[in-house]
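# Working through the structure, step by step
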Amino acid sequence: WFRARRLAGRRRRRSGKDVLLLPPYLRVVDELAVGAAAGACAKLFTTPVSNVVTRRQTASLLHNTEKELSFGEILSEMRRERGGGVLGLWAGYSASLVLTLNPSITFFLQQVLKRALVPRERWEEPGVATTFFLAAVSKVVATSVTYPFQIAKARVQVSAAPPEEKGIGDDGGKKKIVRDNIFATVLGIARAEGGKALYDGIGGELLKAFFSHGTTMLSKDVIHRLVVQLYFAILAALRRYPQFTTRLSGRMRKARQEMRERYLRATSSGTNEVRRGVSYVRDAVHSGEGNATRWLSAVQKKTDS
């Protein structure tokens, strides 16, 4: 929806023949903005579910009990921590907004590195090793940039406590830090535990990101190539064997006719059921009117007597 709106806005700003010269895709910056906006909307609906799942996974560590909390108990606990409000369900949402930049940065860097390191004639098919390397390095850089926010998000989700007072500055003044604010959480972790705490465990995360995204993009290119080759192979077979095309067209027409007949039968059956239901309701109404008429007559006779 965001992409369609953006393309429509670009067409409205152009006039005349220039509209035909516009590419049917967005620029890199627009694509990044569209991806971030779509991710923010998606996280708006999925953050409560993610928080409940995280709380259930860590319930035994927080409560020192083997009893598994129910869904309702977790919701009540999260609302109680927020003073009876429902905002606790969206704890860590600001972190989710920041983390939507991770895939955007990844694909942006991938395009930049490809244009900088790969000759123009090989942009469409840079090769297996090049595809893997570009995707893996891009994901590693994006993960390194957003990893502190992953740490902060995990802490906010596990313990969504109310705002707390912390001393900040040499003047002894007090400033209220809202732990739901992802930037305040990152700042609090850095001041309380040092900058290293923001990158605790990043080695394993980078290793996973390197192989995971590199393999994913490599598999995507391989599957895409196979699908295209299969498409052209089927076209070639259809042109080489016209009798197969005729037979396939006949089967498709037969299947389409069968589907149409089934649809008509189902529609007719549904219409008959509706008619029977209407008739039943009409009979019930008439019966009720007759009973009401007889009852009113009896009441009138007793009143007259």
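Here's a quick rundown of the structure.

About the criteria used
- Residues numbered from 1 in each chain as written.
- Predicted model: local features only at pLDDT ≥ 70, side-chain atom pairs only at ≥ 80, totals over all residues.
- Heavy atoms only, no water.
- Helix = DSSP H or I, 4+ residues; strand = E, 2+ residues; numbered from the N terminus.
- Contact = heavy atoms within 4.5 Å.
- Areas by Shrake-Rupley, 256 points an atom, 1.4 Å probe, with all protein chains shown as cover.
- 1 Å grid on protein atoms, 1.4 Å probe; cavity = no way out; pocket = protein on both sides within 12 Å on 5 of 7 lines; lining within 4 Å.
- Points joined across faces, edges and corners; volume = space filled by probe spheres on them.
- Nonpolar A, V, L, I, M, F, W, Y, C, P; charged D, E, K, R; others polar.
- Patch = residues over 30% accessible without salt bridge, like charges linked within 9 Å, V, L, I, M, F, W, Y side chains within 5 Å.
- Salt bridge = Lys/Arg side-chain N within 4 Å of Asp/Glu carboxyl O.
- Buried < 20%, exposed > 50% of the residue type's maximum accessible area, 1.4 Å probe, protein only.
- Phe/Tyr/Trp six-rings, centres within 6.5 Å; stacked < 30°, edge-to-face > 60°.

When helices and strands are counted, the chain shows 11 helices and 2 strands. The order of helices and strands in the chain, counted from the N terminus, is α-α-α-α-α-α-α-α-β-β-α-α-α. Long-range pairs, those at least 24 residues apart, make up 65% of the contacts in the chain between residues at least 6 apart in sequence. Of the roughly 21,500 Å² that the chain leaves accessible, carbon and sulfur atoms contribute 62%.

Our next topic: empty space enclosed by the protein. Scanning the entire structure with this criterion turns up 1 cavity of 30 Å³ or more. Size it by volume and the largest cavity reaches roughly 30 Å³. Every residue along the wall of the largest cavity is listed here: Gly 127, Val 128, Thr 131, Leu 218, Asp 221, Val 222 and Arg 225. Where the lining of the largest cavity is concerned, the elements lending two or more residues are α8 (128–158) and α10 (202–240). Among the elements that line the lining of the largest cavity, the one with the most residues is α10, at 4 residues. Per-class residue counts for the lining of the largest cavity are 3 nonpolar, 2 polar and 2 charged.

This brings us to a nonpolar patch on the surface. On the surface, a cluster of nonpolar side chains totalling about 400 Å² of accessible area is made up of Leu 44, Phe 45, Val 86 and Trp 90. On the secondary structure map, Trp 90 appears in the loop between α5 (71–81) and α6 (93–99).

The next thing to look at is the pattern of salt bridges. Side-chain pairing between opposite charges can occur once the charged atoms of the two side chains come close. What the rule picks out here adds up to 3 salt bridges. For Asp 30, the salt bridge is made with Arg 6, and the minimal N-O distance between the two is 3.3 Å. In this pair, Asp 30 is assigned in helix α3 (residues 28–57) and Arg 6 in helix α1 (residues 2–13), connecting sequence segments 24 residues apart. Judged by its relative accessible area of 8%, Asp 30 is buried. Note on Arg 6: relative accessible area 30%, which makes it partly exposed. Close ionic contact of Lys 208 with Glu 205 constitutes a salt bridge, the shortest N to O distance being 3.5 Å. With a gap of 3 residues between them, Lys 208 and Glu 205 both fall in helix α10, about one helical turn apart. The exposure class assigned to Glu 205 is partly exposed, which follows from its relative accessible area of 22%.

As a volume, the largest pocket reaches approximately 990 Å³. Lining the largest pocket are 30 residues, with Gln 110, Gln 111, Lys 114, Trp 123 and Lys 220 sitting closest to its centre. Secondary structure elements with two or more residues in the lining of the largest pocket: α1, α3, α7 (101–117), α8 and α10. It is α7 that provides the largest number of residues to the lining of the largest pocket, a total of 8 residues. Looking at the second largest pocket, its volume works out to about 230 Å³. Along its surface, the second largest pocket is lined by 14 residues, and Asn 102, Lys 139, Thr 143, Gln 150 and Glu 205 are the ones closest to its centre. Counting residues per element, the ones that place at least two in the lining of the second largest pocket are α6, α7, α8 and α10.

As a further point, take the packing of aromatic side chains. Considering all chains together, one arrives at 7 aromatic pairs under this definition. Each ring, one from Tyr 147 and one from Tyr 199, has its centre 6.4 Å from the other, and the planes form 20°; the classification is stacked. Here Tyr 147 is found in helix α8, whereas its partner Tyr 199 is found in the loop between α9 (182–193) and α10, with 52 residues between them in sequence.

Next up on the list: the environment of Ala 142. By the element assignment, Ala 142 lies in helix α8. Given the relative accessible area of 0%, Ala 142 is considered buried. In this structure the C-alpha to C-alpha distance between Ala 142 and Leu 99, which are 43 residues apart in sequence, comes to 9.7 Å. Residue contacts for Ala 142: discarding those within four places in its chain leaves Asn 102, Ile 105 and Thr 106.

Function-wise, these values are silent; they only describe arrangement.
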